[in-house]
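Below are the chains, spelled out letter by letter.
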Amino acid sequence: MRLLLPFLALLLGVACSSTPGYVIPEKKMAALMADIYIGDAVVEGSPREWRQDSLRQVLLHSIYSRHGVTAEDVDSSLSWYGHNMQAYMDMCKLTEEILQKRIDEEERQGARGERVVSSVSVDGDSVDVWPGIRSRRNIGLAPSDYTTFALQSDRNWDRGDRYTLSLKGLMTRMPVTLFLAVEYNDGSGESRTYVGPAEELNRVTLVLDSARNASSVYGAIKYVPAPGEVSYLDSISLYRTRMRSDNRSLRQGQVSFKN
């Protein structure tokens, strides 16, 4: 995410202690993080309008000002939360609850706003349907080098939908593989694969056939850390969009298969 500080990189250990006075309290921190996530969605949804770093910084500091905090307050608080895992998880849970309440309120008012927390069945022309966790810590002792997912068709699917799987690597030293595939009702399918340095932004895009009905979209993220490496895959998302003028050209490089 462009605005969200990469505080996951600060998770160097777990400690138990009471909250110091300089730390932003849990409820206030959660409300702040919710606004930052929404700010990220605005930036990612309109990259041309927000391509200048100075504009992003203005937006970020306006969010800080709204909550009555400074960048130094946020940095020191994130550092403390990063070293106190239970407090960090509680704050993240409260952040998601705040975001969900805002989304529910928009839906009651008839809005079709962007999803910020993970969901599968959601209406809209550009929505994040990632069903899993947003960040992953990479260490040599991890039980698996893969993060897999699968989405089944629902009432919000449409022919020709476009899916983009993306993530950002933090402190990564090895390449990452992104795999994205679709299975159609006739048993055929198509897939796209991306392999490249994990650091910074990575993405792969799959465009569904506008003449066939899809039964599932599935894929995987593979990252094998180097010996002794501690790194993170952050801001994982799976955006579904439609009505893009460049879909036809993107489909030309896709690999087809038959089950």
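Everything below is about the structure shown above.
Residues numbered from 1 in each chain as written. Predicted model: local features only at pLDDT ≥ 70, side-chain atom pairs only at ≥ 80, totals over all residues. Heavy atoms only, no water.

1. A closer look at unusual backbone geometry
Backbone geometry at methionine 171 places phi at a positive 60°, although glycine is not the residue there. Its place among the elements puts methionine 171 in the loop between strand S4 (162-170) and strand S5 (175-184). (Helix = DSSP H or I, 4+ residues; strand = E, 2+ residues; numbered from the N terminus.)

2. A word on helix H3 (residues 71-82)
Because an α-helix packs 3.6 residues into every turn, residues spaced three or four apart end up facing the same way. Taking 1.5 Å as the rise per residue, H3 with 12 residues should run 16 Å; its terminal C-alpha atoms sit 16 Å apart, in good agreement. Along H3, the residues that are buried comprise Val74, Ser77, Leu78, Trp80, Tyr81 and Gly82. (Expected span 1.5 Å × (residues − 1). Buried < 20%, exposed > 50% of the residue type's maximum accessible area, 1.4 Å probe, protein only.)

3. Points about the pattern of salt bridges
In a structure, side chains of opposite charge can pair up when their charged atoms sit close to one another. Enumeration over the complete set of coordinates arrives at 4 salt bridges. Between arginine 66 and aspartate 35 there is a salt bridge; the shortest N-O distance is 3.3 Å. In this pair, arginine 66 is assigned in helix H2 (residues 53-67) and aspartate 35 in helix H1 (residues 26-45), connecting sequence segments 31 residues apart. Here arginine 66 falls in the exposed class, since its relative accessible area comes to 65%. Between arginine 212 and aspartate 186 there is a salt bridge, and its shortest N-O distance comes to 3.9 Å. (Salt bridge = Lys/Arg side-chain N within 4 Å of Asp/Glu carboxyl O.)

4. What to know about the environment of serine 215
With respect to the helices and strands, serine 215 occurs in strand S8 (residues 214-223). In this structure, the C-alpha to C-alpha distance between serine 215 and glycine 189, residues 26 residues apart in sequence, is 9.8 Å. Each residue touching serine 215, except ones within four places of it in the same chain, is listed here: Leu151, Gln152, Ser153, Trp157, Glu183, Tyr184 and Asn185. (Contact = heavy atoms within 4.5 Å.)

5. Overview of the packing of aromatic side chains
What the rule picks out here adds up to 4 aromatic pairs. Ring geometry for tryptophan 157 and tyrosine 163: centres 6.1 Å apart, planes at 55°, overall tilted. Tyrosine 163 gets classed as buried once you look at its relative accessible area, which sits at 1%. Between phenylalanine 179 and tyrosine 218, the ring centres sit 6.4 Å apart and the planes meet at 55°, which makes this aromatic pair tilted. Placement of phenylalanine 179 in strand S5 and of tyrosine 218 in strand S8 is noted, with a sequence separation of 39 residues between them. For phenylalanine 179, a relative accessible area of 27% corresponds to the partly exposed category. Residue classification places tyrosine 218 among the partly exposed positions, given a relative accessible area of 26%. (Phe/Tyr/Trp six-rings, centres within 6.5 Å; stacked < 30°, edge-to-face > 60°.)

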